[in-house]
Every structure is written in structure tokens, then in C-alpha cells.
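Summary of structural features
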Amino acid sequence: MCQINTDPMKSQVGFLEVVVPPDILDYQTSTDMVVREGTNVTLRCAATGSPRPSIVWRREDGEQIPMVGNTEVSSIEGSVFNITRVNRLHMGAYLCIASNGVPPTVSKRIMLIVHFPPMIWIQNQLVGAYEGQEMTLECHSEAYPKSINYWTTDKGEIIAQGDKYEPILQDNAYKVYMKLTIRSVGPSDFGSYKCVSKNSLGDTDGSIKLYQIPHPSTPARLPATTAQPSPDTEGGLGVAGASSGSGGGKGAATGEQGPNLKLRGRPNDRSSYRPGDGSDNGSAGRFLDHVIIIMAPSILLINWRLSWLRSMPWPHQVPP
């Protein structure tokens, strides 16, 4: 308080607030932890500062944090972080971040390691190959601590690197991708193969059976051919009864031969016919027969009128 001794006295009151940046207390904060899969885990983080700091938990890699009920969150607030039935997806580094608005914000890294026995997944347990083919067998393994991984035959013999076989291992954290490449598969290569995974907590294996399939052959190309009319389909486009004499039906009134008529359609359609030969070889032939039947009376009427006109003297009256 600031005071001036006057009459009357004057004074001024001021407030001083001292702010302190956050600081994490190591002795009250969790350290790196190693736990078995399926157990419950509690992470703690304590911090001091003025104002009182707030604490947030995040994963160092920025991934989501799995929670109970198949849910995921990006962060957890509070000084205590409980994980129920921890699993391999929880494994990784976590950051305890303390802040109170006074820079700098501080954090502590806590590593959570989850131990579990090996597990193996095989996508294709039956694989077919032909002799001379190069074939690759695949197997996926998960284990922590890191496992020892190798391939064996159905007799239990370990398959080593060589001219015939090439085992390949690709690991990422607790996951291992196993491949076995067989160069130029021979008759003795058909059978069962095992991918084996072992660590201090146990061991497991998976089996893949390689069986023989016929060698693929390239189908021979058939030469292109052009359809030729058969001798029994040659003939004219005839109209029954259109020509005089006993030879009608072989050709038209002029006796000229007509071309064969081909139809395109579905495979079960008839591809050719001979119109006018008296046989029912297609819908087009039946159509022409119907046309002839319908037009026959008109043709007879015209012939009758022409005959009547020639017999009458000119001028004359044409009957209706």
C-alpha cells in the first residue's frame, strides 16, 4: 500500500502476483514401464507452477489412443491416465504435457512396453505352383520381446539362404513380415512349409502347403476362315407358280438364278435359307411366301382386266 500523509490522508493499494512456469516432479511421475498384455496400467504425472498447471497426455507419434469400447481419442486430460487391459496397440511413447499459460510448456516422455507371446497369421495356406515357376510363400508374425523367425520343411529341417531358397525378414516394431522365395520349383519342392516364431514368452508356427498344378500352355490360334456356300444351298430366288410350264419353282418367270441370302444373329439363329424352294428354312422365307399368297388375287384380277380390254372394240367402257 502506498500512503501520503495529507489532510485527509491518501493511499493506494496494489496487488502483486508472482507467476511460475510449470515444472514436472520426477519423483511423483511414472517412468518407463514394461507390462504383460492384458494387465491394467496407471500412468501418473505431477507438476508444480503458478497458476496450477493443467496436464494432458498424448502419444509421441501423434497416433490415436485406444480406449475401452473400441473408441479412440487424441488426448487424455488429467494427472492420472488409466489403461484397462492393456494390449499391443497401446505400446509406444507417451508425453505428459504440463502448461499454465506461462511459458515454457514442459513435457516428460514415458515409454510403455507391452510383452506378449508370438502370434502368426497366414493369408494363403494352400498355394499352387507348376514346375519351373518361382514361388514366394508369405507369413506375418507379431511378438514382443522381438522373436526369432525362420522357415522349416515338413521334416523340421531349417531352410537356410542358398541358390534354391531365399528367406527374407522385414520387421517393424513388434511386427515381422516373413517371405520364402523358391527359385525354379521342382518335384521335390512340393509339400508343407512352416514359418516359426519364438521369444522368451513362447513359440508358435504356421503351415503352408505347396501343391503342383499343370503347366499353363498357350492356346493355339485358329486360322481365320471365310464361310462358303454349300452346293445344296445354291439356287435362284424362286416364286412358286410364277412361271409357266412344269419347271416353275427352279427360278423366277425369267428363269434367272438369284443369290443366296445370309442372316446375322444370335448363335441359335439360322444362318442361311433358300427362299422359294418350298422348304421352311427361316422367317425371311416364310415372309416371302406370305407376300406371294396375299398378292396372288390382285395379279389374277389385273390379268383378267387386260384380257377383257383386248377383246372389246374401242372406245369402250371399263367395268368397275
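Right, let's walk through the structure included here. Each chain carries its own residue numbering, running from 1 in the direction its sequence is written. Local features in this predicted model are restricted to residues whose pLDDT is 70 or higher, and side-chain atom pairs enter the listing and the counts only when it is 80 or higher, whereas totals over whole chains, interfaces and linings include all residues. Working from all heavy atoms in the structure, the side-chain values ignore hydrogens and water.

1. Observations regarding the overall build of the protein
Helix and strand assignments follow DSSP, with helices taken as H or I runs no shorter than four residues and strands as E runs no shorter than two, numbered in order from the N terminus. Each helix and strand counted, the protein has one helix and 22 strands in total. Burial analysis of the protein (320 residues in total) assigns 27% to the buried set. Considering only residue pairs separated by 6 or more positions, the protein has 57% of its internal contacts joining residues 24 or more positions apart. Buried, partly exposed and exposed residues are distinguished by accessible area as a fraction of the type maximum, computed with a 1.4 Å probe on protein chains only: under 20%, between the cut-offs, and over 50%, respectively. What makes two residues a contact is simply this: any of their non-hydrogen atoms within 4.5 Å.

2. Digging into the nonpolar core
As used in this record, nonpolar core signifies buried Ala, Val, Leu, Ile, Met, Phe, Trp, Tyr and Cys residues forming a set joined through side-chain atoms within 4.5 Å. Grouped together as the largest cluster of nonpolar side chains are 22 residues, with contacts concentrated most on Val41, Trp57, Phe81, Val86 and Leu112. Taken together, the elements giving at least two residues each to this core come down to strand S5 (41–44), strand S7 (54–59), strand S11 (80–83), strand S12 (92–99) and strand S13 (106–121). No other element matches S13, which puts five residues into this core. Counting 20 residues, the second-largest nonpolar core is a separate cluster that includes Ile120, Leu180, Val185 and Leu210.

3. What to know about the side chain of Glu142
Turning to its location among the elements, Glu142 is positioned in strand S15 (residues 135–144). Judged by relative accessible area, which is 15%, Glu142 ranks as buried. N or O atoms within 3.5 Å of each other form a polar contact, as long as, within protein, one can give a hydrogen and the other can take it, and as long as residues adjacent in sequence are counted only when both atoms are side-chain atoms. A distance of 2.9 Å separates a polar atom in the side chain of Glu142 from a polar atom in the side chain of Arg88. Setting aside chain neighbours within four positions, we find Glu142 in contact with Arg88, Phe116, Pro117, Pro118, Met119, Trp121, Tyr174 and Lys175.

4. What about a nonpolar patch on the surface?
Patches here are clusters of residues that have more than 30% relative accessible area and form no salt bridge, with a 9 Å joining cutoff for like charges and a 5 Å cutoff for nonpolar side chains (Val, Leu, Ile, Met, Phe, Trp, Tyr). Using a 1.4 Å probe, accessible areas were evaluated by the Shrake-Rupley method; residue-level cover was limited to the displayed protein chains. Only one rule defines a salt bridge in this text: a Lys or Arg side-chain nitrogen within 4 Å of an Asp or Glu carboxyl oxygen. Together, Met1, Val13 and Phe15 make up a nonpolar patch on the protein surface, roughly 430 Å² of accessible area in all. Among the secondary structure elements, Met1 is positioned in the segment before strand S1 (2–4).

5. A look at the environment of Gly14
Positionally, Gly14 belongs in the loop between strand S2 (10–12) and strand S3 (20–24). Overall, the relative accessible area of 59% leaves Gly14 in the exposed class.

6. Some points on the pattern of salt bridges
Within the structure shown, the criterion is met by eight salt bridges. The salt bridge partner of Arg88 is Glu142, with a shortest N-O separation of 2.9 Å. Taken together, the residues Arg88 in the loop between S11 and S12 and Glu142 in strand S15 connect sequence positions 54 residues apart. Assessed through its relative accessible area of 11%, Arg88 is described here as buried. In this structure, Asp171 and Lys146 form a salt bridge, with 3.5 Å as the shortest nitrogen-oxygen distance. Separated by 25 residues along the polypeptide, Asp171 in strand S17 (residues 165–172) and Lys146 in the loop between S15 and strand S16 (148–153) bring together distant segments of the chain. Sharing partners across several salt bridges, the network here consists of Glu37, Arg88 and Glu142.

7. Some thoughts on the state of the cysteines
Our working definition of a disulfide is a cysteine sulfur pair at a distance within 2.5 Å. Here the structure, examined in full by the defined rule, presents two disulfides. Through a disulfide, Cys45 is tied to Cys96; the S-S separation comes to 1.5 Å. Because the torsion about its S-S bond is -65 degrees, the bridge between Cys45 and Cys96 counts as left-handed. Here Cys45, found in the loop between S5 and strand S6 (47–50), pairs with Cys96, found in strand S12; they are 51 residues apart in sequence, far enough to count as distant. You can call Cys96 buried: its relative accessible area is 0%.

8. Side note on the sheet that holds strand S20 (residues 202–212)
If you trace the four strands from one edge of the open sheet to the other, you get S14-S20-S19-S16, paired in mixed fashion. The sheet is open, and its two borders are formed by strand S14 (126–129) and S16, each paired with just one other strand. For this sheet the average axis-to-axis angle between neighbouring strands, irrespective of direction, equals 25 degrees. Should DSSP find at least two bridges between two strands, the strands are taken to pair. Note on definitions: angles span 0 to 180 degrees between N-to-C directions of axes, and those axes are lines fitted to C-alpha atoms, for helices only across the stretch in contact.

9. Notes on the packing of aromatic side chains
Aromatic rings from Phe, Tyr and Trp, taking only the six-membered ring of Trp, are treated as a pair when their centres fall within 6.5 Å; an angle between ring planes under 30 degrees marks them as stacked, one over 60 as edge-to-face, and anything in between as tilted. Per the stated rule, a full pass over the model turns up three aromatic pairs. Look at Phe116 and Tyr174: their rings are 5.7 Å apart centre to centre, the planes differ by 80 degrees, and that puts the pair in the edge-to-face class. Residue Phe116 is found in strand S13, and its partner Tyr174 is found in the loop between S17 and strand S18 (175–182); the two are separated by 58 residues along the sequence. Tyr174 carries the same exposure label as Phe116, and that label is buried. Members of the aromatic cluster, connected to one another through ring pairs, are Trp57, Phe81 and Tyr94. One cation-aromatic arrangement involves Arg88 over Phe116; the distance from NZ or CZ to the ring centre is 3.8 Å. Distance and angle both matter: a charge sits over a ring if NZ of Lys or CZ of Arg is within 6 Å of the ring centre and within 35 degrees of the ring normal.

10. Here we look at unusual backbone geometry
Excluding glycine, residues mostly have negative phi values, and the peptide bonds linking residues are mostly trans. Following Pro103, the chain continues into Pro104 via a peptide bond in cis, with omega recorded as 5 degrees. Secondary-structure assignment places Pro104 in the loop between S12 and S13. With a phi close to 50 degrees, Arg85 is a non-glycine residue in the positive phi region. Even without a glycine there, the phi angle at Ser184 is positive, about 50 degrees. Along the chain, Ser184 falls in the loop between S18 and strand S19 (191–199).

Distances and angles like these do not, on their own, reveal function.
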